[in-house]
Amino acid sequence: MIKLSTLIIAAAVISGSVAFSAPVKADDQLAVSICEYIAADDKNRLRDKLKSSRVKIRNIYDAVLCNGLNLLRHAVASNAVDTGEYIVKNLSKSSLEDGADIAWAEANGHGGSALIPAIKERAGL
């Protein structure tokens, strides 16, 4: 009896781990693709990937990090103007109005980025 219950528990753990690992890998792949498209400044592929995945920038902005940076900061650091402007246009004004991304850019040597005016305009700063 003990061996049967151990086998059942082991099977449940294994099947549970398999069932939950697939979505995480899919989400990780989506995040990697998004980060790569931002770094390459490929707005069209970024937009297509988001659309095919049925995901909006607003919904993933806080969850996806590229090299430890949020999507907008990654765009600034990568000098990805087109994708950066796309991100800015698709974020809510309230997510930009604290000026944290602008302060980060200026503190890290990206104060001359072409995205700073776009962020300021969208945030109303």
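Caption draft 1: Structural detail: the overall build of the chain. On a plain count of helices and strands, the chain comes out with eight helices and zero strands. Starting at the N terminus and ending at the C terminus, the chain contains elements arranged as α-α-α-α-α-α-α-α. When contacts within the chain are restricted to residue pairs at least 6 apart in sequence, those whose partners lie at least 24 apart make up 67%. Here the chain displays about 7,800 Å² of accessible surface, and carbon together with sulfur accounts for 55% of that area.

Caption draft 2: Representation of the side chain of T83 within the structure. Topologically, T83 is positioned in helix 5 (residues 81-90). A polar contact is formed between the side chain of T83 and the backbone oxygen of I38, at a distance of 3.5 Å. Once residues lying within four places of it in the same chain are set aside, the contact partners of T83 are Y37, I38, D41, D42, K43, L46 and A75.

Caption draft 3: Region of interest: the pattern of salt bridges. On inspection of all chains with the given rule, the structure shows one salt bridge. Residue R73 is joined to D101 by a salt bridge in which the shortest nitrogen-to-oxygen separation is 2.7 Å. Separated by 28 residues along the polypeptide, R73 in helix 4 (residues 71-77) and D101 in helix 7 (residues 100-107) bring together distant segments of the chain.

Caption draft 4: Main features of the state of the cysteines. One pass over the full model with this rule turns up one disulfide. Across the disulfide from C35 sits C66; the S-S distance is 1.9 Å. Between C35 and C66 the disulfide shows an S-S torsion of about -80 degrees. By sign, it is left-handed. Taken together, the residues C35 in helix 1 (residues 2-39) and C66 in the loop between helix 3 (57-60) and helix 4 connect sequence positions 31 residues apart. The buried category is assigned to C35, whose relative accessible area is 14%.

Caption draft 5: Quick look at the environment of N108. Within the element layout of this structure, N108 appears in the loop between helix 7 and helix 8 (115-123). C-alpha separation for the pair N108 and A77, spaced 31 residues apart in sequence, amounts to 8.9 Å. Side-chain polar atoms of N108 contact the backbone oxygen of W104, separated by 2.8 Å.

Caption draft 6: Unusual backbone geometry, seen in detail. Within the chain, R54 stands out as a residue other than glycine whose phi angle is a positive 55 degrees. Along the chain, R54 falls in the loop between helix 2 (43-53) and helix 3. In this structure, N67 takes a positive phi of about 55 degrees despite not being glycine. If you trace the backbone, N67 turns up in the loop between helix 3 and helix 4.

About the cut-offs
Residues numbered from 1 in each chain as written. Predicted model: local features only at pLDDT ≥ 70, side-chain atom pairs only at ≥ 80, totals over all residues. Heavy atoms only, no water. Helix = DSSP H or I, 4+ residues; strand = E, 2+ residues; numbered from the N terminus. Contact = heavy atoms within 4.5 Å. Areas by Shrake-Rupley, 256 points an atom, 1.4 Å probe, with all protein chains shown as cover. Polar contact = N/O pair within 3.5 Å; in protein donor to acceptor, adjacent residues only side chain to side chain. Salt bridge = Lys/Arg side-chain N within 4 Å of Asp/Glu carboxyl O. Disulfide = S-S within 2.5 Å. Buried < 20%, exposed > 50% of the residue type's maximum accessible area, 1.4 Å probe, protein only.

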